[in-house]
Amino acid sequence: MLREFFLNEVKSAVNSLVKNKKLGQMSEADNYNLQSEIPKNAQFGDFAVNVSSLSRYTKLPPVKTAEIIASEINKSDFEINVTAGFINFKINSFMLNKIVTEVLDKKLDYAKNDIGKGEKVILEYVSANPTGPFHIGHGRWAAMGSALANVMKYSGYNVYQEFYINDAGSQIQKLGKSLYIRILQEFEVKIDFPSDEEEAKNFYTGDFLIPVAKEFIKEENKRAKIIEETWNGNYNEEQLKYLSKYARLKMLSKQQKLLENFHTHFDNFYSELTLHESGKVEACIKKLSELGVLYEQDGAVWFASSKYGDEKDRVIKKSDGAYTYLTADIAYHYDKLQRGFTKLLNIWGADHHGYIPRMRAAVEVLGYNPDSLEVLLGQLVNLVINGEEVRMGKRTKMVTLDDLIDEVGVDATRYWMIMKSIDTTLDFDIELAKSKTDDNPVFYVQYAHARACSILRNASADKLDIVNNKMQSGNELDLSKADFNLLWTTGDEKAEETTKKLLLKLEEYKSAVQNAAKNRSPYLITKYLQELAADFHKFYTFSKVIVENEGLMCARLFVVKAVILILQSAMKLIAIEAPEKM
RNA sequence: GCGUCUGUAGCUCAGCUGGAUAGAGCAAUUGCCUUCUAAGCAAUGGGUCGAGCGUUCGAAUCGCUCCAGGCGUACCA
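Residues numbered from 1 in each chain as written. Chains lettered and ligands numbered in written order. Predicted model: local features only at pLDDT ≥ 70, side-chain atom pairs only at ≥ 80, totals over all residues. Heavy atoms only, no water.

Before going further, it helps to spend a moment on the domain arrangement of chain A. As assigned here, chain A comprises domain 1 (2-91), domain 2 (170-252) and domain 3 (439-573). On a C-alpha basis, the centres of domain 2 and domain 3 stand 56 Å from each other. (Domains from an automatic or database assignment.)

Structural data, given as structure tokens:
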């Protein structure tokens, strides 16, 4: 990376000065927090390193310190100048041209890197109950999680994506009973969910089970008839069990289909039920018991998590003999650790944040580094319809992820879900996301790609016999016809300035990717995409690509192609389409 | 009460491992299509960075105290 390159220039200059004792009381450069940055004001240079923080060791004014260090740097492919405490670098056309050829050479892998060092990461996200349709919040986790997984894989992490199915416990029976009623209703039996609010809580009264009931009658007509015929006001235990399982699997498969459609692919769906059935929950409790962190009180079994940073102890086994949700979850995380993952990365809704200390406590007690558990807390999503915030409360009718995607489309939904930092409550404005105008960043970015593709099409269609990039005709452009130096001798200052900015932005993709992976912040990719698209549109405005001069035209065509490659790479990371025409 | 996230331009948000004049998009005003997609570009206006105190040569950024909002504070999942 160029940023790193210039930082290293400064560091090695410092080291050599230190060796010769020319820098006062300083030791090696790595002991100081030096950073390279891109100056906000381009007149200073293309890159800069601020060394004023070293002044307290050199006992010299910042400018003097910077000058001494700068004079120690051998400049070859760049210019150097000092302002205040900054050492500024201006790169030359040779380095700029190299950016283009490197992109063309590495293509979609241009920014691929290995900062993850192959760390075995299990990323768990969405993890919903199979008891209903996804709501829009699930959509945010799905979009963010899948994008993060892509970004981290691209950065050398070994990422395994898992969805934990909360398919154990009473809610599944509740689901079965509700389907039972919906089936009877299909047969026109006069029965409805309890009107009493308290009793209605034992059912899923949403209408999402109506189509499931219809499917059931179609697929299992015989059994459906038996259910209707044997109805006597009480649930038939055998049929209820069957329906519970049927509904559970049906809902799960609907969820899985939706996720794939939403460009979210899991390596595994891990069933909580199998966790119980395999005896892993029991085994985990036994282990905790042996470790001496469990005790009995008030007829329940407790985990002494408060000794490990939690604010109070937690119930593991309720006085009615059932396990809590936490118990299975501890066993699940134990299982993840035993499968050899060294980083347990979870995306949880902000409403679960109080849950972190107890899970950390469990990881620690089980003999692992509590820092191997890393939870990304996602703030919630509010829907904005016609400018008004619709809070997803119990009273309002839930808008499902399905509805949202139907309304807005997969790409726009994903983009809007990823666009904001996970720390901020997301206001999802349906009208804005739907709009195909300039207030919608998705289209801005996709339009840049379509526009670039169009140039390549036009170039191949009328002007030359070199051509299109692979997705068009399979041919490759002929690099030998391009004269990149012509980019910098046009006499058109604005054209050269915007071209330079564009090329530097291409190079910045590397930093964007690494920061996104390191900080678990996929929104940095959408931010980068918007910046790249903007720089491309500016380039387009000031540099006509298809021109008489063949050497210049080819050089610009290659710039365009490089832009297309980076746009595609970044859009692939966040899993949205890169349309060739719009 | 305690924990946690947030408070930056009219709106939505970046910037927050301290550093050059606080940025972007939208909205507003004004220009630019006989020339590669105007879903675009150029220009202009717009800010006591919630408030106060402190640390520092230097604070939107770090610390403390307030203020406002979201979420949580179960033998629910």
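A few words on the sheet that holds strand 6 (residues 158-165). Within the open sheet, the five strands sit side by side as 7-6-5-11-12. Their pairing is parallel. Each of the sheet's edge strands pairs with one partner strand only, and the pair in question is strand 7 (268-271) and strand 12 (373-378). Adjacent strand axes in the sheet meet at a mean angle of 25° when their direction is disregarded. As judged from the five bridges shared by strand 5 (residues 120-124) and strand 6, these two strands associate in the parallel manner. (Pairing = 2+ DSSP bridges. Helix = DSSP H or I, 4+ residues; strand = E, 2+ residues; numbered from the N terminus. Axes fitted to C-alpha atoms, helices over the stretch in contact; angles between N-to-C directions.)

It is worth spelling out the nonpolar core at this point. Ranked by size, the top nonpolar core spans 133 residues in total, and within it Val10, Ile69, Phe89, Phe428 and Tyr509 carry the most contacts. A total of 17 residues in this core trace back to one element, the largest contributor, which is helix 22 (residues 550-573). Those residues within four positions of Ile69 in sequence are excluded, and the remaining contacts are Val10, Ala13, Val14, Leu17, Leu23, Val51, Leu54 and Ile87. In this structure, Val293, Phe303, Leu326 and Phe341 belong to the second largest nonpolar core, which totals 33 residues. (Core = buried A, V, L, I, M, F, W, Y, C linked by side-chain atoms within 4.5 Å. Buried < 20%, exposed > 50% of the residue type's maximum accessible area, 1.4 Å probe, protein only. Contact = heavy atoms within 4.5 Å.)

With phi around 70°, Val126 is a residue other than glycine that occupies positive phi space. Here Val126 shows up in the loop between strand 5 and helix 5 (136-154). Here Val126 falls in the buried class, since its relative accessible area comes to 8%. Here Glu188, not a glycine, exhibits a phi torsion of approximately 65°, which is positive.

With that out of the way, let us pick up the protein's contact with RNA strand B. Near RNA strand B, the surroundings consist of 61 residues, among which Lys318, His353, Tyr447, Arg451 and Asn458 are the closest. Considering the 4 Å shell around the protein, atoms of RNA strand B inside it are sugar or phosphate in 61% of instances. Between RNA strand B and Tyr325, the relevant distance is 3.0 Å, taken from a phosphate oxygen to a main-chain nitrogen or oxygen of the residue. In this structure, a sugar or linking oxygen belonging to RNA strand B sits 2.9 Å away from a side-chain N or O atom of Lys527. (Near = heavy atom within 4 Å. Polar contact = N/O pair within 3.5 Å; in protein donor to acceptor, adjacent residues only side chain to side chain.)

Closest axis-to-axis distance for the helix 5/helix 20 (residues 493-518) pair is 9 Å, and the angle between their directions is 120°. Like other packed secondary-structure pairs, helix 5 and helix 20 cross with a definite hand, here left-handed. Residues Leu148, Val151, Met152 and Tyr154 of helix 5 lie in contact with helix 20, whose contacting residues are Tyr509, Val513, Ala516 and Ala517. Class assignment of the residues belonging to the contact of helix 5 with helix 20 gives a composition of eight nonpolar, no polar and no charged. (Left-handed = near helix turned anticlockwise from the far one by under 90°. Nonpolar A, V, L, I, M, F, W, Y, C, P; charged D, E, K, R; others polar.)

Our next topic: the pairing of strand 3 (residues 78-83). One ladder, built from six bridges, connects strand 3 with strand 4 (residues 86-91); its direction is antiparallel. Across the sheet, the residue bridging to Ile80 is Phe89, located in strand 4. Once strand 3 ends, the chain turns through two residues before running back antiparallel as strand 4, passing Ala84 with a positive phi of about 50°.

Let us look at the packing of aromatic side chains. Summed over the entire model, instances satisfying the criterion amount to 28 aromatic pairs. Ring geometry for Tyr180 against Tyr235: centres 5.1 Å apart, planes inclined by 80°, an arrangement best described as edge-to-face. Here Tyr180, found in helix 6 (residues 170-186), pairs with Tyr235, found in the loop between helix 9 (221-229) and helix 10 (237-261); they are 55 residues apart in sequence, far enough to count as distant. Under the relative-accessibility criterion, Tyr180 is labelled buried at 0%. Here the aromatic rings of Phe484 and Phe558 are separated by 6.4 Å at their centres, their planes lie at 50°, and the arrangement is tilted. Placement of the pair is Phe484 in the loop between helix 19 (470-473) and helix 20 and Phe558 in helix 22, with a sequence separation of 74 residues. Residues Phe484 and Phe558 agree in their burial class; the two are buried. (Phe/Tyr/Trp six-rings, centres within 6.5 Å; stacked < 30°, edge-to-face > 60°.)

With 26 residues, helix 20 extends 38 Å between its outermost C-alpha atoms, agreeing within 8% with the 38 Å of an ideal straight helix rising 1.5 Å per residue. At Glu507, helix 20 shows its maximal bend, which comes to roughly 30°. Counting buried positions along helix 20 gives 20 out of 26 residues, so the element sits mostly inside the fold. The backbone nitrogen of Lys494 has a side-chain oxygen 3.2 Å away, supplied by the residue at the start of helix 20, namely Asp492. Following helix 20 by one or two positions, Arg520 has its phi on the positive side, about 50°. (Expected span 1.5 Å × (residues − 1). Bend = angle between axes of the 7 residues up to and from the residue.)

With that settled, consider the sheet that holds strand 1 (residues 36-37). The sheet built from four strands is open, its strands ordered 1-2-4-3 with antiparallel pairing. In the strand order of this sheet, the two ends are held by strand 1 and strand 3, each with one partner. Pairing geometry for strand 2 (residues 47-50) and strand 4, over four bridges, is antiparallel. Each bridged residue has a counterpart across the sheet, and for Ala48 the counterpart in strand 4 is Asn88. Docked against the sheet, helix 3 (residues 62-71) engages strand 3 and strand 4, running at close to 160° with respect to strand 3.

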